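Structural overview for review
Residue-level listing of the chains:
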Amino acid sequence: MSKISENIPLMDIREVKKIYGEGEYRTEALRGVSFTIHPGEFVAIIGHSGSGKSTLMNIIGFLDTVTSGQYHFAGQDVTTFTEDDLAGIRNKEVGFVFQSFNLLPRTSAVDNVRLPLVYAGVSDHEQIERAQKALTMVGLHDKFENAPNQLSGGQQQRVAIARALINNPSLILADEPTGNLDTASSRDIMKILDKLNKDGHTIVMVTHEKNIAAHAGRVLEVSDGQIISDHRP
Ligand SMILES: Nc1ncnc2c1ncn2[C@@H]1O[C@H](COP(=O)(O)OP(=O)(O)O)[C@@H](O)[C@H]1O
Ligand SMILES: [Mg+2]
């Protein structure tokens with residue numbers, strides 16, 4: 001995270017539009033969105049289903065590109081990046097956590113977590129060591145060899161968080177991370193995200209639950225492809 005300067009915004013998004021399809025299938029998912037996020041912030045994105053939250057997360061996380069507008073990440077103009085550049089910055093800077101965990105079935109926790117390192121030229125020994133360390137950090141020191149179907153939902157999401165952390169990303173993007181979890185597991189996951197934020201990771205999290213959003217220092221509300229409020233509760 002040292003390469004990220006505190007002084008320039010981590011993300012600077014200006015008048016971003018995203019249009020899917022054409023003709024009768026044309027959907028304007030983002031209709032001119034602008035905001036900045038600084039290193040160390042914990043931001044919740046709230047809004048109704050279909051308002052554009054996931055589209056925005058995909059753009060922020062370099063999984064998708066803008067139709068128009070500007071996106072600077074740590075001072076770099078991302079809209080000029082090639083597919084390869086985007087894949088590179090995504091692997092290095094972003095850890096993703098999804099509502100549905102997105103783990104490989106029949107694959108141990110350690111092997112799921114070390115997956116992002118397999119193509120990074122890291123030795124097997126170091127991959128396993130780092131995966132075990134990340135799993136220990138999320139409280140799963142006794143579940144290294146368990147496959148997802150041998151873990152509860154909350155434990156599976158903790159494996160997914162460990163995987164997201166394995167490259168020490170500057171940014172953690174979580175899209176409804178507690179959407180499939182019961183209250184107790186949600187609380188565990190939010191404790192981990194709070195700790196990661198205290199340790200210096202910038203977090204952007206989509207949620208539709210008010211009590212989950214309350215963990216963030218700042219809440220952006222999206223409606224019909226636009227930001228209708230930006231406040232610090
Ligand atoms: N890949 C896509 N192709 C076409 N339309 C899409 C695509 N992804 C999202 N949309 C549309 O864009 C709008 C915003 O969707 P989304 O960003 O998924 O909203 P949210 O995450 O807030 O529920 C919706 O109308 C949705 O149907
Ligand atoms: Mg969504």
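Heads up: the structure comes first, above all this text.
All of the points below concern the structure found in this document. (Residues numbered from 1 in each chain as written. Chains lettered and ligands numbered in written order. Predicted model: local features only at pLDDT ≥ 70, side-chain atom pairs only at ≥ 80, totals over all residues. Heavy atoms only, no water.)

Points about the overall build of the protein
In terms of regular secondary structure, the protein is built from 7 helices and 10 strands. Its C-alpha atoms give the protein a radius of gyration of 18 Å, within 12% of the compact-globule value 17 Å for 233 residues. Once the C-alpha set of the protein is aligned to its principal axes, its extents read approximately 50 × 40 × 40 Å. Per-residue burial over the protein gives 48% buried out of 233 residues. Contacts in the protein between residues at least 24 apart in sequence constitute 70% of all its contacts with a sequence separation of at least 6. Working note: accessible area of the protein is about 11400 Å², and carbon and sulfur atoms make up 47% of it. Here the protein contributes 23 positively and 29 negatively charged side chains, and the mean placements of these two sets differ by 4 Å. (Helix = DSSP H or I, 4+ residues; strand = E, 2+ residues; numbered from the N terminus. Rg over C-alpha atoms; globule rule 2.2 N^0.38 Å. Buried < 20%, exposed > 50% of the residue type's maximum accessible area, 1.4 Å probe, protein only. Contact = heavy atoms within 4.5 Å. Areas by Shrake-Rupley, 256 points an atom, 1.4 Å probe, with all protein chains shown as cover. Lys, Arg positive; Asp, Glu negative; His and termini not counted. Charge placed at Lys NZ, Arg CZ, Asp CG, Glu CD.)

Here we look at the site of ligand 1
Near ligand 1, the surroundings consist of Tyr20, Thr27, Ala29, His48, Ser49, Gly50, Ser51, Gly52, Lys53, Ser54 and Thr55. Lys53 places a polar side-chain atom, nitrogen or oxygen, 2.8 Å from an oxygen atom of ligand 1. Bound to the protein, ligand 1 loses 57% of the 560 Å² it would expose on its own. Elements that contribute at least two residues to the shell around ligand 1 include exactly β2 (27–37) and α1 (53–60). It is α1 that contributes the most residues to the shell around ligand 1, 3 residues altogether. (Near = heavy atom within 4 Å. Polar contact = N/O pair within 3.5 Å; in protein donor to acceptor, adjacent residues only side chain to side chain.)

Quick word on the pairing of strand β3 (residues 42–46)
For β3, the tally of buried residues reaches 5 of 5 residues, placing the bulk of the element in the interior. In this sheet, strand β8 (residues 202–206) lies alongside β3 in parallel orientation, the contact comprising 4 bridges. From the neighbouring strand, Phe42 faces β8, where its bridge partner is Ile203. Sheet analysis places β3 next to strand β9 (residues 218–223), joined by 4 bridges and oriented parallel. Bridge pairing in β9 places Val43 opposite Arg218. (Pairing = 2+ DSSP bridges.)

Notes on the packing of aromatic side chains
Counted according to the given criterion, the structure contains 3 aromatic pairs. Geometrically, the ring pair formed by Phe62 and Tyr71 is stacked, given 5.6 Å between the ring centres and 5° between the ring planes. In this structure, Phe62 and Tyr71 share a single accessibility class: buried. Note on Phe62 and Phe73: the rings are 5.2 Å apart at their centroids and 80° apart in plane angle, and the pair reads as edge-to-face. With Phe62 in the loop between α1 and β4 (68–73) and Phe73 in strand β4, the pair connects residues that are 11 residues apart, well separated along the chain. Considered together, Phe62 and Phe73 belong to a single accessibility category, that of buried residues. (Phe/Tyr/Trp six-rings, centres within 6.5 Å; stacked < 30°, edge-to-face > 60°.)

Describing the pattern of salt bridges
Across all of its chains, the model carries 11 salt bridges by this definition. For Arg14, the salt bridge goes to Asp12, with nearest N and O atoms at 3.1 Å. Note on Asp12: relative accessible area 21%, which makes it partly exposed. When salt bridges with common partners are traced through the structure, they connect Glu41, Arg218, Asp230 and Arg232 into a single cluster. (Salt bridge = Lys/Arg side-chain N within 4 Å of Asp/Glu carboxyl O.)

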